[in-house]
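# Residue-level structural notes
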Amino acid sequence: MKRIQIIAAPLLAASLGLAFQGCGSSQANEEARKAAPKTEALATETITLQKQQLTSSLNIPGELIAFQQVDLYAKVSSFVKKLHADVGSEVQQGQILATMEAPELNAQVTASESRLQAQEALYQASNANYERLLETSKTPGTVSQNDLDVALAKQKSDLAQLEALKSARREITDTRNYLEIRAPFSGVITARNVSNGAYVGPSGKGSEFPLFTLVEQRKLRLVVSVPEAYTSYLKNNSEVKFTVKSLPDQTFAAKVTRLAGALDTRLRSQRTEMDVFNNNRKLLPGMIAEVAIPLNSGTKAFAVPQSAVLNSTQGTYVIKVVENKAVWAPVKVGSSDAEKTEIFGDIREGDVIVKTANEEIRNASAISHVKPADI
């Protein structure tokens, strides 16, 4: 009996300890739950979708180039006799820029004139002979038909040779006219690579560089490569604004004049040209311009604050609020300005969306507090 009591006492003590331990643990958990601070759902700002006109612009670099530019070379091998223009000279169309000399051409002209005069004399003689024989042949039996045919053939042969010599003289005369270099259009000389007495000729035959470079300055081309995504915003006569670094306080305007009509295969952009009238010559060819292209689609679209667009690894979304639940709606983004962005997708006017979207607002999660915000 004593043994039973000795064994039972430790078992009873152990069970009582476990009971007290479990009771203490439950009580501690309950106290912890009561001590924990109560949290409430934060108020979520929302906006109501409305269509509106979004006005923004795209700033891209452009280049000012001359409306016309040409390198002038000598047509014939010759020596520079006199230069009538220099770098910076403003010249008019047809004005003589340089005079060359080639003594061999003068000799060729003199020789061609002599041959031409001799042939004219031969033609006059053969023509007179044919005319006399023709008049005499009117009397029967005086001139044989063979003599008349021979005289006619001689007259035609001399006439053909006379015309050939006239063409040869014109060719030599035209070549001599190339000894005067004239301006093909009005502009400014931007480069001069020869001096008096220099030997010049066609490119690669005495002239590695052109005699002059002539540039039209009073009318320029503003060339811009517009990325594919923005080509729909520019049409003929669309107006753009641009600035240049040398005149930062001035803004210039230009209108679209020429569109390439195809994308560059390397850059995937469309070459767009605007005509710029530069009568005061403030702008110079070669300047880099900062061009502001207006991104006005002409139609109203849904524009929301940029914070309302959620860019996640799965795509681009806005979070709609439907019956106090979050619904992730996939959208595509259009143009944007400093504050708002155009969106397109499964959205309608009057839809309520979260103003500040983030991934913590999970799809189909409950939104217990909704507070409208102004946009």
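Rules and cut-offs
Residues numbered from 1 in each chain as written. Predicted model: local features only at pLDDT ≥ 70, side-chain atom pairs only at ≥ 80, totals over all residues. Heavy atoms only, no water. Salt bridge = Lys/Arg side-chain N within 4 Å of Asp/Glu carboxyl O. Helix = DSSP H or I, 4+ residues; strand = E, 2+ residues; numbered from the N terminus. Buried < 20%, exposed > 50% of the residue type's maximum accessible area, 1.4 Å probe, protein only. Pairing = 2+ DSSP bridges. Expected span 1.5 Å × (residues − 1). Contact = heavy atoms within 4.5 Å. Core = buried A, V, L, I, M, F, W, Y, C linked by side-chain atoms within 4.5 Å. pLDDT = per-residue confidence, 0-100.

### Things to note about the pattern of salt bridges
Taken as a whole and assessed by the stated rule, the structure comprises 15 salt bridges. For Glu-90, the salt bridge is made with Arg-218, and the minimal N-O distance between the two is 2.8 Å. Here Arg-218 lies in the loop between β11 (212–215) and β12 (219–227) and Glu-90 lies in strand β6 (residues 90–91), a separation of 128 residues in the sequence. Judged by relative accessible area, which is 39%, Glu-90 ranks as partly exposed. Measuring nitrogen to oxygen at the nearest pair gives 2.8 Å for the salt bridge that ties Glu-273 to Arg-258. One end of the pair, Glu-273, is in strand β15 (residues 269–277); the other, Arg-258, is in strand β14 (residues 247–263), and 15 residues separate them in sequence. Judged by its relative accessible area of 9%, Glu-273 falls in the buried class. Take Arg-258: its relative accessible area is 27%, and that puts it in the partly exposed class.

### A look at the pairing of β14
Where strand β13 (residues 239–244) meets β14, five bridges bridge the pair, whose relative direction is antiparallel. The partner of Glu-239 across the bridge, within β14, is Lys-255. Counting the residues in the hairpin turn of β13 and β14 gives two residues.

### Regarding helix α2 (residues 103–136)
Since one α-helical turn is 3.6 residues long, residues separated by three or four positions face the same way. Helix length check: α2, at 34 residues, gives a terminal C-alpha distance of 50 Å against a target of 50 Å (1.5 Å per residue), a fit within 8%. Those residues of α2 that fall on the buried side of the exposure criterion are Leu-105, Val-109, Ser-112, Leu-116, Gln-119, Tyr-123, Ser-126 and Tyr-130.

### A closer look at the sheet that holds strand β8 (residues 180–182)
Taken in spatial order, the four strands make up an open sheet running β8-β7-β5-β10, and their pairing is antiparallel. Looking along the sheet, the strands with just one partner apiece sit at the ends: β8 and β10 (199–200). Bridge count for strand β5 (residues 78–83) against β10 is two bridges, and the pairing is antiparallel. Bridge pairing in β10 places Ser-78 opposite Val-200.

### Regarding the side chain of Ser-269
As for its placement among the helices and strands, Ser-269 is situated in strand β15. Setting aside chain neighbours within four positions, we find Ser-269 in contact with Ser-225, Val-226, Pro-227, Glu-228, Ala-262, Leu-263 and Asp-264.

### A look at the nonpolar core
Most often, soluble globular proteins keep nonpolar side chains buried together rather than apart. In this structure, Leu-64, Leu-222, Phe-242, Val-244, Leu-283 and Ile-293 are the most contacted members of the largest nonpolar core, which totals 24 residues. Elements supplying a minimum of two residues to this core: β3 (57–66), β12, β13, β14, β15 and β16 (288–294). The residues touching Phe-242, leaving out its near neighbours within four places in the chain, are Leu-64, Leu-222, Gln-250, Thr-251, Phe-252, Ala-253, Ala-254, Val-276, Leu-283, Ala-289, Glu-290 and Val-291. Counting residues in hydrophobic clusters, the runner-up holds 22 residues, among them Leu-72, Leu-179, Ile-181 and Leu-211.

### Some thoughts on the confidence of the model for the protein
Here the protein shows a mean pLDDT of 83. Residues at 70 or above account for 84%. For the protein, per-element mean pLDDT is lowest for helix α1 (residues 2–35), which scores 44, and highest for β11, which scores 95. Within the model, pLDDT remains below 50 along residues 1–26, and this stretch shows zero contacts once partners closer than five positions in the same chain are excluded. pLDDT under 50 marks residues 32–42. Its contacts with residues more than four places away, or in other chains, come to three contacts.

### What about the environment of Phe-209?
By the element assignment, Phe-209 lies in the loop between β10 and β11. For the pair Phe-209 and Asp-71, spaced 138 residues apart in sequence, the C-alpha separation works out to 8.7 Å. Leaving out residues up to four positions away in the same chain, Phe-209 has contacts with Tyr-73 and Asn-193.

### Overview of the pairing of β15
A regular strand places its side chains so that they alternate between the two faces of the sheet. With seven of nine residues buried, β15 lies mostly within the body of the structure. Alignment of β12 against β15, held across nine bridges, turns out to be antiparallel. Bridged to Val-223 within β15 is Glu-273. In this sheet, β15 lies alongside β14 in antiparallel orientation, the contact comprising five bridges. The partner of Arg-258 across the bridge, within β15, is Glu-273. As consecutive antiparallel partners, β14 and β15 are separated by five residues, and within that stretch Arg-268 has a phi angle of approximately 55 degrees, a positive value.

### Some remarks on the environment of Glu-113
Positionally, Glu-113 belongs in helix α2. Given a relative accessible area of 29%, Glu-113 falls into the partly exposed group. Separated by 56 residues in the primary sequence, Glu-113 and Arg-169 have C-alpha atoms spaced 7.0 Å apart.

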